[in-house]
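The lines below spell out each chain.
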Amino acid sequence: MVGREKFDAELKHVQQLLLEMSNTAIQTIDKAMDYLLANDIEGALTIINNDIHINRMEEEINDRVILLIAKQQPVATDLRRLMVLVKIAADMERIGDYAVNIAKETIRIGKDEHIAPIHLLDEMRVKTISMLEQTLTAFIKEDMDEAKAIAKLDDEVDEMYGHAIKTLLAVGVNEPAHLSQVTQLSFVCRYLERSADHATNMAERLLYLLKGRHYELNN
């Protein structure tokens, strides 16, 4: 019984670390978009410099999971939960990477005035952040219905992505002088779209945790 209590306590700690990491990653990509919209180069630099913090949190989660497996020899259901924690941590680390990529595009754009459809990226940001937060809530509550609803939000982000890219490409054709910024903002759209994909991945992992089988929510 003592061994089980120790395992549960350590598992709870790892889960708490994951929640902290997840909140940090979500806040980071949100801030990265704030800095992009404000042409804030100094803010963008802080995103890049602070990325190591998210990476270290992922490493700590991985290390603790490895120790739990080695020392506690968890049963199948516990092992499945530990593997899901590791995979979600990897998803969140990628969210942090996308925030860094957005910050780099912000620096490349510099103080240049944004071209017309910049508001489309902000709308994508709002939807993507909402999706990530909903996924995290579903994970905390272990709510299957909420996890399944993530796929619908992903479809919305995909539609917004397609519209934004078409609009940006049209600007590039009509105003060749803005082609460089069109490229940079197109990359930002892609980073937001990929972040939404990772939210769907995390929802699928939660369903696997709860049901013990793999689901593909994007199909």
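Residues numbered from 1 in each chain as written. Predicted model: local features only at pLDDT ≥ 70, side-chain atom pairs only at ≥ 80, totals over all residues. Heavy atoms only, no water.

1. A closer look at the overall build of the chain
Applied cut-off: The secondary structure listing takes helices from DSSP runs of H or I that are at least 4 residues long and strands from runs of E that are at least 2 residues long, numbered from the N terminus. Whether a residue is buried, partly exposed or exposed follows from its accessible area with a 1.4 Å probe, protein chains only, as a fraction of its type maximum: under 20%, in between, or over 50%, in that order. Residue-level accessible areas treat just the shown protein chains as cover; the underlying method is Shrake-Rupley with a 1.4 Å probe. Positive charge is attributed to Lys and Arg, negative charge to Asp and Glu, and no charge count is given to His or to the chain ends. Working definition for charges: the position is that of NZ of Lys, CZ of Arg, CG of Asp or CD of Glu.
Along the chain, the regular secondary structure elements total seven helices and zero strands. In terms of its C-alpha atoms, the chain occupies a principal-axis envelope of roughly 70 × 35 × 20 Å. Taken over 219 residues, the chain has a buried fraction of 46%. Counting every atom, the chain has about 11,000 Å² of accessible surface; 51% of that belongs to carbon and sulfur. Taken as two groups, the 25 positive and 37 negative side-chain charges of the chain have centres that lie 6 Å from each other.

2. Observations regarding empty space enclosed by the protein
Put simply, the rule is: Put plainly, a pocket is an open set of points on a 1 Å grid over the protein atoms alone with protein on both sides within 12 Å along at least five of seven lines, a cavity is a set where a 1.4 Å probe fits but cannot get out, and a lining residue has an atom within 4 Å of a point. Grid points are joined across faces, edges and corners, and a volume is the space filled by probe spheres set on the points.
Throughout the structure, instances matching the rule amount to one cavity of 30 Å³ or more. Reported here for the largest cavity is a volume of approximately 30 Å³. Around the largest cavity sit Ser22, Ile88, Met92, Thr135, Leu136, Phe139 and Met202, which together line it. For the lining of the largest cavity, the elements supplying multiple residues, two or more each, are α4 (76-109) and α5 (118-141). In terms of residue count, the dominant contributor to the lining of the largest cavity is α5 (three residues).

So far we have only geometry, and geometry alone does not tell us how the molecule works.
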